[in-house]
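Here's the letter readout for the chains.
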Amino acid sequence: MKIATWNINGIRSLKKSIACVLNDLSSDVVCFQETKVSRGQLQENTALINGYTSYFSYPRKQSGYSGVATYCSDSFTPEDAQEGLSGVLASGNCDCLQSFSSDFEPSLSDLTELESEGRVIITYHLIKFNDEIRRLAIINVYCPRVDPDKPERHLYKMQFCFLLEAKTKELCSNGCFVVIVGDMNIACCPIDHCDPGDEKEFNASEARQWLKYFLSNPVNSIDGNICIVDAFRHFYPDKKEAYTCWNVKTGARLTNYGTRIDYILLSSNLLPLLENCEILSDYDGSDHCPVTAVLKCDSVSEKSVQLPSICTRLWPEFCGRQQTLQSFLQKVQNTADQVTKFSDSKVQSLPSKNKLSQKKSAQKSIKNFFTITNNIPDHNTMNKTDIYETEIEQSDQKLDKEAASSDSFELNSLGTEYDKFSSSPKLNQAMEWKSVFRGPPKPPLCSGHSKECVLRTVKKKGPNCGRQFFMCAQPAGHPSNPDANCNFFKWVSAPKFNVLKKS
């Protein structure tokens, strides 16, 4: 059984189709995070893929944000699937989740808020190994990111992590194998970060401390005490520069200046079945890369599999029970075309309609305002004298409107200006525009590479918002890398200050 996870940073912005991505990853269960699609935006060619069943969780409040999706091959069709961790989205209550940690006992409103962003899909599979059949839960999770400008998101993230821990404990205590895959938005150790800084300050992060505790604290199970294991570190405990996420704005992927925040975690009773775990850093298409793992087990095939209720194949809009808005509008449009054709034939057969249209022809349509009238002389049919006299009349009218202070107007000077204009109007017009818009200033050379810098604009709100600056064009990277950004920085212009005039 091959499992893959990938934060795709928008399912509609992928360069390849979902079918092509699934074919490339060649996995039995593929988990996507940050799909950024609501239910109404989901297209049929994305929801229904031949050979797979799909399961989506989407945000209930904010469109184009968060979201996860799990695709399961037909050979590993889940026996059940669940959206969220607590069950509140399906049942409206939280009775199904009992083992909350002692310091986190959320109310129903808290759970509804935690689950409203569409961050979890759980699929349950029956697997067979060594003539034994067990239940396996694959938790596809997209943990919240903490925005420095929104401190309230830190509490939201920690509550979400505690909820994930509680669900994991519940599944393990019931004898279920557990695999947690997805974007945790946490770099666990300094080795997982390109620039961890001070180690003491790095380890002081509350979310990081939670993840380390989660990976070390035993959980009671029918198989005895088990732990949650980082599959990649199980095979590569000391491997450096093994990253899964990079800043695309700074081109950091070119210098492998990133972080490892995408994981495949599993309960330790699955370790005998774990064959490998790999980071596919060469697979492009997002600011993250996929991570895969292989378990040595087979699926338990059933002749008639009842699909879970949240499977997209059972959604009314995809199984023919509900018409889509597009098809509804198409039918209306066809009907409108037939009515138009019928009305046109009636108009031709009734002469009274023609008389009515002749009366209405005296009224101007909006098209008349954009049509060039015959009052303006055509330069192609006019001789030079006519053009000259017309130009004089237009100039006189312009002078009258502007209330020119001069009482005299020399005909010769007007003729001279006209000759200049008529000789090369496009050239003069281009020169005038060029004098107004001089274009961006010439970029300086950076101090580290002696190459032309790139021009950037400050977009963050503050006193420098909208201000332009030059910076090194090389991608971000470690200071020891000669090909990395040399941190050259230069403002294009001096800051503007409001100076109060002294009276």
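It should be noted that the structure appears before, not after, this text.
Thresholds, definitions, all that
Residues numbered from 1 in each chain as written. Predicted model: local features only at pLDDT ≥ 70, side-chain atom pairs only at ≥ 80, totals over all residues. Heavy atoms only, no water. Helix = DSSP H or I, 4+ residues; strand = E, 2+ residues; numbered from the N terminus. Buried < 20%, exposed > 50% of the residue type's maximum accessible area, 1.4 Å probe, protein only. Areas by Shrake-Rupley, 256 points an atom, 1.4 Å probe, with all protein chains shown as cover. Pairing = 2+ DSSP bridges. Axes fitted to C-alpha atoms, helices over the stretch in contact; angles between N-to-C directions. Core = buried A, V, L, I, M, F, W, Y, C linked by side-chain atoms within 4.5 Å. Contact = heavy atoms within 4.5 Å. Parallel < 35°, antiparallel > 145°, perpendicular 65-115°, else oblique. Nonpolar A, V, L, I, M, F, W, Y, C, P; charged D, E, K, R; others polar.

## Details of the overall build of the chain
Inference 1: When its secondary structure is counted, the chain shows 13 helices and 18 strands.
Inference 2: For the chain, the residues scored as buried account for 40% of the 503 residues in total.
Inference 3: Only carbon and sulfur atoms are counted for the fraction: they give 51% of the accessible area of the chain, which is about 30500 Å².

## Here's the deal with the sheet that holds strand β16 (residues 454-457)
Inference 1: With antiparallel pairing, three strands are arranged side by side in an open sheet as β16-β17-β18. Strands at the two margins of the open sheet, each flanked by one partner only, are β16 and β18 (489-491). The mean inter-strand angle of the sheet, taken between neighbouring strand axes irrespective of direction, is 30°.
Inference 2: Pairing of β16 with strand β17 (residues 468-471), which is carried by four bridges, proceeds in the antiparallel orientation. Each bridged residue has a counterpart across the sheet, and for Leu455 the counterpart in β17 is Phe470.

## Overview of the nonpolar core
Inference 1: With 41 residues, the main nonpolar core has Met1, Leu136, Ile138, Val179 and Leu295 as its most contacted residues.
Inference 2: Discounting chain neighbours no more than four positions away, the residues touching Leu136 are Met1, Thr123, Tyr124, His125, Ile127, Cys176, Phe177, Val178, Val179, Leu270 and Leu295.
Inference 3: In this structure, Tyr124, Tyr156, Met158 and Cys172 belong to the second largest nonpolar core, which totals 35 residues.

## Let's talk about the packing of helix α5 (residues 152-173) against helix α7 (residues 206-214)
Inference 1: Running from N to C, α5 and α7 cross one another at 10°; their axes reach a closest spacing of 10 Å. Taken together, the axes of α5 and α7 lie roughly parallel to each other. Contacts from His154, Lys157, Met158, Cys161, Phe162, Leu164, Glu165 and Thr168 in α5 reach Glu206, Ala207, Trp210, Tyr213 and Phe214 in α7.
Inference 2: Class assignment of the residues belonging to the contact of α5 with α7 gives a composition of eight nonpolar, two polar and three charged.

## A closer look at the packing of helix α4 (residues 108-115) against α5
Inference 1: Where α4 meets α5, the closest approach of the two axes is 11 Å, and the angle between their N-to-C directions is 100°. One finds that α4 runs roughly perpendicular with respect to α5. Packed against α4, whose contacting residues are Leu111, Glu113, Leu114 and Glu115, the element α5 presents Tyr156, Gln159, Phe160 and Leu163 at the interface.
Inference 2: A breakdown of the residues in the contact of α4 with α5 according to their chemical character gives five nonpolar, one polar and two charged.

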